[in-house]
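Here is how the chains run, residue by residue.
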Amino acid sequence: MSHEDFDDRARQILRDNDRGGYTIPTRGLYPYQWNWDSAFAAWGFSSFDIDRAWTELETLFSAQWDTGMVPHIVFWKPDPGYFPGPDVWGAGQEPATSGISQPPVAAILARKIHAAYPDAGEPRLRALYPKLVAWHRWWHRDRSAEGVVAITHPWESGRDNCADWDPGMARVDGSGVGDYTRRDTGHVDASMRPSKQDYDRYLAILQFGRACGWDQAEIVANGPFYMADPAMTFILIRAHRDLAAIGRSLGEDVSEIESWCADLEAGLERIWNADLGAYDARDLRTGEFANCLGSGAFLGWLAGIENAEMEARLMAVWDGVRYGIPSNDPAASEFNPRRYWRGPTWPVVNALIAMGFADAGREAEEARLRRETVELIERGGFFEYFDPLDGTACGGDHFTWTAAIWLTWASPNARRI
Ligand code: DGY
């Protein structure tokens, strides 16, 4: 198949997963609108249908809570094939949503979507801007009060079962969550998904949030899980900067956004693990570091954070695999090349890391990462993630964000804005 054929297939995937104003990640496994998946879908659409790109973001933000939070899932239409659905979350919203958020990539990608077609996008961006500011204010108030971004549920990071969360998850008691039936393992081989113990704990954390009516102050103060994450911190630093740039272009006062960003930059030392020689996830209840080197740390370049000591460690991690940036160090005892975020490489994360490489002028690294990602997709198709050792395609097929990053970044025909 030619690159043009792959481009056609990627566009077809976005159209197939379009449910009318929003895009599902893939049929069966993820039948609703997911927050960061949707922002990537919008970016993908911007390569061939700019109006549809803005609609995707507008639909996502139409489910924004009064608090400013943009939820991680919007349950637009009932679907019994997914667990946990809206009744389990009990978030009391209309439309029904989950009770947590997801990586704030929307401002980063909205800026790129606008840059693709500035004139057409101006009014749409202007209308979206106050909603983005309200969401970033929520991140500042409810998730970065300690100078680093801290998540209250592994699902909030989008990297559900990565080893970064092991210290925090070990302290979560999942023994009392009651009976439930998972649906994900009916769509994808169980060996590629989080374990039963993980799910028990995910539900215990969810049940705490539901029991307190999703009171964020209570969740942050007493919730069963609360961990600082370099990846989320890097993403939010970058997103704050992009939001400030958007605001400036619209003639807005962006001093509040700049102050949020400065707070995070100053807080980075809290998540520097000197023993590891890298920024590292940290349990804020105990102070314990995760001692984990994975794709999250590579997002430093996205925030313009460079560090020679960390770079040497990270490049050894990358050199330890054949394809893409692994979600965990292949030398770590808990590395698993096919189990979701315990080792696999994710094209969508590779695209974010490559964005950082490109902006830092690291052309050789950007080209290498793109080459390896292209090879994975050309050999395996538009899957959710891949084994970084032998390139085996894993997880869901016909996947929206893999198609989206193909069109905007990986394809030799991409404009790469
Ligand atoms: C899932 O259901 O696997 C999701 O990652 C939760 O958001």
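Quick caveat, the model's predicted, so the values are computed rather than measured.

Asks: Where do I start with the overall build of the protein chain in this structure?
Replies: Each helix and strand in the protein chain was counted, giving 17 helices and 9 strands. The C-alpha radius of gyration computed for the protein chain amounts to 20 Å, which stays within 12% of the reference 22 Å derived for 417 residues, consistent with globular compactness. Considering only C-alpha atoms, the protein chain reaches an extent of 50 × 45 × 45 Å along its principal axes. When each of the 417 residues of the protein chain is scored for burial, the buried share is 62%. Contacts in the protein chain between residues at least 24 apart in sequence constitute 71% of all its contacts with a sequence separation of at least 6. When the accessible surface of the protein chain is split by element, carbon and sulfur atoms take 46% of a total near 14700 Å². Of the charged side chains in the protein chain, 41 are positive and 61 negative; the average position of the first set lies 2 Å away from that of the second.

Asks: I keep staring at the pattern of salt bridges and nothing clicks. Help me out?
Replies: Opposite charge on two side chains permits pairing when their charged atoms draw close. In total, this model carries 31 salt bridges according to the counting rule given. The closest approach of N and O atoms between Arg-111 and Asp-242, which form a salt bridge, is 2.6 Å. With Arg-111 in helix α5 (residues 106-116) and Asp-242 in helix α11 (residues 230-249), the pair connects residues that are 131 residues apart, well separated along the chain. Its salt-bridge partner being Arg-193, residue Asp-184 comes within 2.7 Å of it at the nearest N-O pair. Overall, the relative accessible area of 5% leaves Asp-184 in the buried class. Residue class for Arg-193 comes out buried when judged on its relative accessible area of 3%. Through salt bridges with shared partners, a single ionic network connects Arg-111, Arg-238, Asp-242 and Asp-359.

Asks: Any chance you could explain the packing of aromatic side chains here in plain terms?
Replies: A ring pair, where both rings are aromatic, is described by two values, the distance of the centres and the angle of the planes. Taken as a whole and judged by the stated rule, the model has 37 aromatic pairs. Seen from their ring centres, Trp-89 and Trp-214 are 5.6 Å apart, and the 35° between their planes marks the pair as tilted. Highlighted residues: Trp-89 in helix α4 (residues 86-89) and Trp-214 in the loop between α9 (196-211) and α10 (216-222), separated in sequence by 125 residues. Both residues of the pair, Trp-89 and Trp-214, count as buried. Over the face of the ring belonging to Tyr-323 we find Arg-322, whose NZ or CZ atom lies 4.4 Å from the ring centre. Over the aromatic face of Tyr-117 sits the side chain of Arg-415, whose NZ or CZ is 5.3 Å from the ring centroid.

Asks: Looking at this structure, how should I read the nonpolar core?
Replies: One broad trend across soluble globular proteins is that nonpolar side chains are buried collectively. The biggest cluster of nonpolar side chains holds 143 residues, and the ones touching the most others in it are Phe-40, Phe-298, Leu-352, Ile-405 and Trp-406. Setting aside residues no more than four positions away along its own chain, Phe-40 makes contact with Val-105, Leu-109, Val-348, Leu-352, Trp-401, Ala-404 and Ile-405.

Asks: Can you walk me through unusual backbone geometry in this structure?
Replies: A negative phi angle is the norm for most residues apart from glycine, just as the trans form is the norm for most peptide bonds. Each neighbour pair has its own omega, and for Phe-83 with Pro-84 the value is 5°, a cis peptide bond. In this structure, Pro-95 follows Glu-94 across a cis peptide bond, with omega equal to 0°. By the secondary structure assignment, Pro-95 is in the loop between α4 and α5. Even without being a glycine, Tyr-340 presents a positive backbone phi close to 50°.

Asks: Before we go on, may I ask you to explain the site of the ligand in this structure?
Replies: In the vicinity of the ligand, the contacting residues are Tyr-30, Trp-34, His-72, Tyr-82, Trp-155, Asp-160, Arg-193, Tyr-199 and Tyr-340. Between the ligand and the protein, one listed contact pairs an oxygen atom with a side-chain N or O atom of Trp-34 at 3.1 Å. Between Tyr-82 and the ligand, the recorded distance is 2.6 Å, taken from a side-chain N or O atom to an oxygen atom. Summarising the interface, the protein chains cover 96% of the accessible area of the ligand, which totals 230 Å² for the free molecule. Taken together, the residues that form the shell around the ligand break down as 6 nonpolar, 1 polar and 2 charged.

Asks: Can you help me understand helix α12 (residues 255-267) in this one?
Replies: Because each turn of an α-helix spans 3.6 residues, side chains separated by three or four positions in sequence point in the same direction. If you check α12, its first and last C-alpha atoms are 18 Å apart, about what 13 residues at 1.5 Å a residue would give, namely 18 Å. When we look at burial in α12, the residues that qualify are Ile-257, Trp-260, Cys-261, Leu-264 and Gly-267. Projected onto a plane normal to the axis of α12, the buried residues spread over an arc of 125° and lie on a single side.

Asks: I keep staring at the side chain of Ser-101 and nothing clicks. Help me out?
Replies: Mapped onto the elements of the fold, Ser-101 is located in the loop between α4 and α5. When near neighbours in sequence (up to four residues on either side) are disregarded, Ser-101 contacts Asn-35, Met-69, Val-70, Pro-71, His-72, Trp-135, Trp-138, Trp-139, Trp-155 and Glu-156.

Asks: I would appreciate a short explanation of the environment of Arg-141 in the present structure.
Replies: With respect to the element layout, Arg-141 can be found in helix α6 (residues 118-143). Sequence separation between Arg-141 and Met-69 is 72 residues, and the spatial gap between their C-alpha atoms is 11 Å. Engagement of the side chain of Arg-141 in a polar contact is seen with the backbone oxygen of Thr-67, the distance being 3.2 Å.

Asks: Sorry if this is basic, but what is going on with the packing of α5 against α6 here?
Replies: To characterise two packed helices, one gives the angle between the axes of the helices and the distance between these axes. Contact pair α5 / α6: the axes reach a minimum separation of 9 Å and the direction vectors enclose 170°. Taken together, the axes of α5 and α6 lie roughly antiparallel to each other. Taken together, the residues of α6 that come into contact with α5 (itself represented by Ala-106, Ala-107, Ala-110, His-114, Ala-115 and Ala-116) are Pro-118, Gly-121, Glu-122, Leu-125, Leu-128, Leu-132, Trp-135 and His-136. Of the residues that constitute the contact of α5 with α6, the class distribution is 10 nonpolar, 3 polar and 1 charged.

Asks: Would you take a moment to explain helix α1 (residues 3-17) for this structure?
Replies: The end-to-end C-alpha distance of α1, which contains 15 residues, comes to 21 Å, matching closely the 21 Å that a straight helix rising 1.5 Å per residue would cover. For α1, the complete set of buried residues consists of Phe-6, Asp-7, Ala-10, Ile-13, Leu-14 and Asn-17. Taken down its axis, α1 places every buried residue within 120° of arc, on the same side. Close packing links the buried residues of α1 with α2 (35-45), α16 (363-380) and α17 (400-410).

Asks: Is there a simple way to explain the sheet that holds strand β4 (residues 227-228) in this structure?
Replies: Strand pairing in a sheet takes place through backbone hydrogen bonds and is either antiparallel or parallel in direction. Taken in spatial order, the 3 strands of this open sheet run β3-β4-β7, and their pairing is antiparallel. Of all the strands in the sheet, just β3 (150-151) and β7 (282-283) have a single pairing partner and so form its edges. Relative to β4, β3 runs antiparallel, the two sharing 2 bridges. Residue pairing in the sheet places Ala-150 in a bridge with Ala-228 of β4.

Rules used throughout
- Residues numbered from 1 in each chain as written.
- Predicted model: local features only at pLDDT ≥ 70, side-chain atom pairs only at ≥ 80, totals over all residues.
- Heavy atoms only, no water.
- Helix = DSSP H or I, 4+ residues; strand = E, 2+ residues; numbered from the N terminus.
- Rg over C-alpha atoms; globule rule 2.2 N^0.38 Å.
- Buried < 20%, exposed > 50% of the residue type's maximum accessible area, 1.4 Å probe, protein only.
- Contact = heavy atoms within 4.5 Å.
- Areas by Shrake-Rupley, 256 points an atom, 1.4 Å probe, with all protein chains shown as cover.
- Lys, Arg positive; Asp, Glu negative; His and termini not counted.
- Charge placed at Lys NZ, Arg CZ, Asp CG, Glu CD.
- Salt bridge = Lys/Arg side-chain N within 4 Å of Asp/Glu carboxyl O.
- Phe/Tyr/Trp six-rings, centres within 6.5 Å; stacked < 30°, edge-to-face > 60°.
- Lys NZ or Arg CZ within 6 Å of the ring centre and 35° of its normal.
- Core = buried A, V, L, I, M, F, W, Y, C linked by side-chain atoms within 4.5 Å.
- Near = heavy atom within 4 Å.
- Polar contact = N/O pair within 3.5 Å; in protein donor to acceptor, adjacent residues only side chain to side chain.
- Nonpolar A, V, L, I, M, F, W, Y, C, P; charged D, E, K, R; others polar.
- Expected span 1.5 Å × (residues − 1).
- Arc of directions from axis to C-beta.
- Axes fitted to C-alpha atoms, helices over the stretch in contact; angles between N-to-C directions.
- Parallel < 35°, antiparallel > 145°, perpendicular 65-115°, else oblique.
- Pairing = 2+ DSSP bridges.

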